[in-house]
Amino acid sequence: MLALRHLYRCSKLNTPFSHRCLPITTSQSSAALNNLRNQLDVELEAIREAGLWKTERVITTKQGSNIGVENTEGKILNFCANNYLGLSSNPKVIQAGIEALDEFGAGLSSVRFICGTQTIHKKLEKQIAEFHKREDAILYASCFDANAGIFETLLSNEDAVLSDELNHASIIDGIRLCKANKYRFKHLDMVDLEEKLKDSQKFRNRLIVTDGVFSMDGDVAPLPAICDLADKYNALVFIDECHATGFLGKTGRGTDELLGVMSRVAIINSTLGKALGGAAGGYTTGPQQVIDLLRNRSRPFLFSNSLPPPVVACASRVFEMLSEDSSFVADIQNKTTHFREKMTKAGFKIGGDNHPICPIMLGDAKLAMNMADDLLKQGIFVIGFSYPVVAIGKSRIRVQISASHSMEDINRAIDAFVAVGKSYKVIP
């Protein structure tokens, strides 16, 4: 029966049955593989029973504030993408990608230092450095890769790295790869950070590592206080700006601009896959020597294919647009404030600071998943977040505001939350 259950049904293929591809059946499997299957079946069932099973809703349209979703009717309001500036489907951005595809091809079939660097890669790196007011920048396939590549390259067992306990998974994984002496300070706790800075004085270099904005909670790192401690204890500051670049600060340059510490942060990692076009790619920007070392030693850079030309061109066009107009900053802030105030007044508990990430704190994983499903029936696309993405007991629905949302869209989402929240007795 197990063999029949795992048969790959190729009835729609035009090839004879004997030539159709079939998976490995039980009789062809090793005892070790069968043991693994049985073990994983138990683990997967436990995930389902705990309400932690993560499904993928299939989008049938371009990314945007209004999307089509498989097995639903009509347009659905999207409130859970990282498309903060609404540029993922912007016609100018798309056109830049089309032109680059025609001129520079689909991809380089190579890593950067062999034959994978084009003029547009160098142009974008220059734009990034100028945007952040840094000396140079280096592109990666993703910010996950940027975080995986920097700590191992920059730090040795003579150094120390001090990381906020709620930093993104990519930072945690990147730090695990390095040989530096590792300290984890309590979330946003400057007293704890200072204690660990005192203890780490015996090491050559100290690197304080924090998200600029924490993606699950929407809270902002206290960078002025962090920079003060860095000055006091001769440390460097690194920030991950994935949820800040393009829309925080007076001109959208990020958390360091927002909090007035641009000259005091040494290194920034960020992404092109959120506000900056939404496609893919990440980068590190900072001192020239750091970037030069990464070009020569960073494994994700040296051993990964170059960022595809259409992606590079799309991001480059976004940087041009940001340089021409920063009015979006006030726009997205006004919409964020409106949503947070109305939802709080309705009785919901919203985590974080006044950031477009608006986590609706619910606690129970099944409640978060069920409410998200019911909101989809109301025409609102949101996702319930649960362990291991967030801590057990801190499940939530994360709402994300985009500049492309109208006030009417936001009010419709609020009304849907109120209706569903009352049905589950989350609010009175």
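With 17 residues, helix H16 (residues 407-423) ought to run about 24 Å at 1.5 Å a step, and its terminal C-alpha atoms sit 25 Å apart, in line with that. For H16, the complete set of buried residues consists of Asp-409, Ile-410, Ala-413, Ile-414, Ala-416, Phe-417, Val-418, Val-420 and Gly-421. Of the residues trailing H16, Lys-425 is marked for its positive phi of about 60 degrees.

We now examine the packing of helix H5 (residues 119-132) against helix H13 (residues 309-324). In the contact formed by H5 and H13, the axes pass within 10 Å of each other and the chain directions differ by 35 degrees. For the pair H5 and H13, the sense of crossing is left-handed. Residues Ile-120, His-121, Lys-123, Leu-124, Gln-127, Ile-128 and Phe-131 of H5 lie in contact with H13, whose contacting residues are Pro-309, Val-312, Ala-315, Ser-316, Phe-319, Glu-320 and Leu-322. Partitioning the contact of H5 with H13 into residue classes produces nine nonpolar, three polar and two charged.

Across the interface, helix H14 (residues 328-346) lies against H16 with an axial gap of 10 Å and an inter-helix angle of 20 degrees. As judged from the angle between their axes, H14 and H16 are roughly parallel. Considering how the two elements wind past one another, H14 and H16 form a crossing that is right-handed. Contacts from Asn-334, Lys-335, His-338, Phe-339, Lys-342, Met-343 and Ala-346 of H14 reach H16 at Met-407, Ile-410, Asn-411, Ile-414, Phe-417 and Val-418. Each residue belonging to the contact of H14 with H16 can be placed in one class, and the counts come to eight nonpolar, three polar and two charged.

Another point: a nonpolar patch on the surface. Side chains of Leu-36, Leu-40, Leu-44 and Trp-53 sit close together on the surface and give an oily, nonpolar patch of about 310 Å² of accessible area. Positionally, Leu-36 belongs in helix H2 (residues 31-49). Classification of Leu-36 by relative accessible area gives partly exposed; the value is 39%.

Quick look at the nonpolar core now. Judged by nonpolar contacts, the single largest core of 33 residues is most densely connected at Leu-124, Leu-272 and Phe-319. When residues of this core are traced back to their parent elements, those giving at least two are H5, strand S3 (136-140), H13 and H14. No other element matches H13, which puts eight residues into this core. Within the second largest apolar cluster, 27 residues are counted, among which are Leu-367, Ala-372, Ile-380 and Ile-414.

In this chain, Tyr-387 is followed by Pro-388 through a cis amide linkage whose omega measures 10 degrees. Here Pro-388 shows up in the loop between strand S12 (384-385) and strand S13 (395-400). In this structure, Asn-71 is a non-glycine residue whose phi angle is positive, near 70 degrees. Taking the relative accessible area as the measure of exposure, Asn-71 reaches 78% and is therefore exposed. In the Ramachandran plot, Asn-234 falls in the positive-phi region, its phi being about 55 degrees despite a non-glycine side chain.

About the criteria used
Residues numbered from 1 in each chain as written. Predicted model: local features only at pLDDT ≥ 70, side-chain atom pairs only at ≥ 80, totals over all residues. Heavy atoms only, no water. Helix = DSSP H or I, 4+ residues; strand = E, 2+ residues; numbered from the N terminus. Expected span 1.5 Å × (residues − 1). Buried < 20%, exposed > 50% of the residue type's maximum accessible area, 1.4 Å probe, protein only. Axes fitted to C-alpha atoms, helices over the stretch in contact; angles between N-to-C directions. Left-handed = near helix turned anticlockwise from the far one by under 90°. Contact = heavy atoms within 4.5 Å. Nonpolar A, V, L, I, M, F, W, Y, C, P; charged D, E, K, R; others polar. Parallel < 35°, antiparallel > 145°, perpendicular 65-115°, else oblique. Patch = residues over 30% accessible without salt bridge, like charges linked within 9 Å, V, L, I, M, F, W, Y side chains within 5 Å. Areas by Shrake-Rupley, 256 points an atom, 1.4 Å probe, with all protein chains shown as cover. Salt bridge = Lys/Arg side-chain N within 4 Å of Asp/Glu carboxyl O. Core = buried A, V, L, I, M, F, W, Y, C linked by side-chain atoms within 4.5 Å.

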